[in-house]
Amino acid sequence: MENLGNTTVAKKWGSFLLLYLGYMILFADRTVMNISLAYIGKDFHVGAAALGTTASAFFLGYTLMQIPGGYLTDKFGSKVMVIISLFAWSLMTMVTGWAWSLAALIAIRFLFGIAEGPYPAAALKRISENYDKSEKSQATSALISSNYAGAAVAPLIIVPIIASSGWRNAFVWLGIGGLIILIAYYLVERPINNSQENGQSRPQIEWEKIDHRVWAFVVIGLALNIITKGLETWMPVYFLQEQGINLKNLAWLVPLPVISGGIAAFISGFVMVHLFKKHERWMISIASFLTLVFMFGLFKSTSLVGVVIFDVLIYFVKSLAFTGIFSFIAQILSERSYGSSIGIVNFGGQLGGFVGPLLIGWIVQVAGSYSAAFFGLVISALIAVIACLFIRKA
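Just so it is clear, the model here is predicted, and its values are computed rather than measured. (Residues numbered from 1 in each chain as written. Predicted model: local features only at pLDDT ≥ 70, side-chain atom pairs only at ≥ 80, totals over all residues. Heavy atoms only, no water.)

1. Brief notes about the packing of helix H1 (residues 9-44) against helix H7 (residues 133-165)
Relative orientation of the contacting elements H1 and H7 amounts to 45°, with a least axis distance of 6 Å. Between H1 and H7, the interaxial angle falls into the category oblique. Along this stretch, H1 crosses H7, giving a crossing that reads as right-handed. Its residues assigned to classes, the contact of H1 with H7 shows 20 nonpolar, six polar and two charged. (Axes fitted to C-alpha atoms, helices over the stretch in contact; angles between N-to-C directions. Helix = DSSP H or I, 4+ residues; strand = E, 2+ residues; numbered from the N terminus. Parallel < 35°, antiparallel > 145°, perpendicular 65-115°, else oblique. Left-handed = near helix turned anticlockwise from the far one by under 90°. Nonpolar A, V, L, I, M, F, W, Y, C, P; charged D, E, K, R; others polar.)

In structure tokens form, the structure reads like this:
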């Protein structure tokens, strides 16, 4: 790990800002895909199950790359892997806009997930290298809040592009944005190679030494992300097709839940450090339980207003729980294998991202009802609550 004394304040915050913007672009792409699903379905003449497969293809590649991406981050260094991931996914974002068939789009999105996979471990490890222990939890949660910021801002910028020139051009412009951030990050972080210079031994994942709480976090992340990724993917389609919302109104409606989630993510580390110090697991447990309560409320809602209100509340408490996991493990994981450990924890969350869109698409097609799909997400929230019972003290 780099000596913090050798990292200037300007460089540290410049690095944080660019990692934040990179994460925003990463999640903006997903939001654009979700908004584009209805138009992709029309272009390629496919139904809900096929569209769910398209959305899940990305998460399959992304999930499979979490543990290898964490290992590669420990081996080659956080800065190297940030740059490689930024370049690869910016390229694949642009290629998404050039897809010539549904099969090609599914393959492209899978490869896009592979390219993007190392970024979370690399970005979070870079934060760990730049901040001391007293700052890590809050810096980690602040960085993760970029996920929601990107999802919230994307519709406001990208929807006009989709409306004027189609969904394909939206992905091309996102790819260009990623390449611009890549260039800026390289200039700020030079020199790039920083892993093996300090005499580090070859990293390896020591499975038998992994903190037992990590496995509970894997299950909680899986269950919670089934909910949010399922809702993120299908709510735009639900609003367009079931509620008759037009594209213009969708631009302000879709960001509301992610704004709520972003606020919760940003304050999660602060809340944990200042209100739940030495009782971190209770914050995660309480927020998971409230996710179950509000998900049940969304399932029972019969009005658009009710659906939106519970959607916003779900994102807030789910974000407190999910970001709280990463804020907590920033305090308990080994520095030497931090990237690998983050990859393991994030594997669970991203597996939920793969399952969620596919599950809802399948339920909607089989049952012909979004209400049935929402009930499936209630069950997922219940699993998260049960898993919280296994978070014991060290």
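Right, picking up where we left off after that structure.
2. So, the nonpolar core
If you look at the biggest cluster of nonpolar residues, it comprises 112 residues, and the most contacted ones within it are Tyr119, Leu143, Phe217, Ile220, Ile284, Met295 and Phe326. If one sorts the elements of this core by residue count, H1 sits on top with 16 residues. For this core, the domains that each give at least three residues are domain 1 (1-191) and domain 2 (209-393). In this structure, Ile220 is in contact with Ile284, Ser288, Ile325, Ala384, Ala387, Cys388 and Ile391, ignoring residues within four places of it in sequence. (Core = buried A, V, L, I, M, F, W, Y, C linked by side-chain atoms within 4.5 Å. Buried < 20%, exposed > 50% of the residue type's maximum accessible area, 1.4 Å probe, protein only. Domains from an automatic or database assignment. Contact = heavy atoms within 4.5 Å.)

3. With respect to the pattern of salt bridges
A full pass over the atoms with the stated rule returns four salt bridges. For Lys125, the salt bridge is made with Asp74, and the minimal N-O distance between the two is 2.6 Å. Of this pair, Lys125 sits in helix H6 (residues 119-130) while Asp74 sits in helix H3 (residues 66-76), and the two are 51 residues apart along the sequence. Accessibility expressed as a relative area gives 7% for Lys125, which makes it buried. One salt-bridge network, held together by shared partners, links Arg126, Glu129 and Glu189. (Salt bridge = Lys/Arg side-chain N within 4 Å of Asp/Glu carboxyl O.)

4. With respect to the environment of Phe27
The residue Phe27 is located in helix H1 in this model. Between the C-alpha atom of Phe27 and that of Ala151, which follows or precedes it by 124 residues, the distance is 5.6 Å. Excluding residues that lie within four positions of it along the chain, Phe27 makes contacts with Asn147, Ala151 and Lys229.

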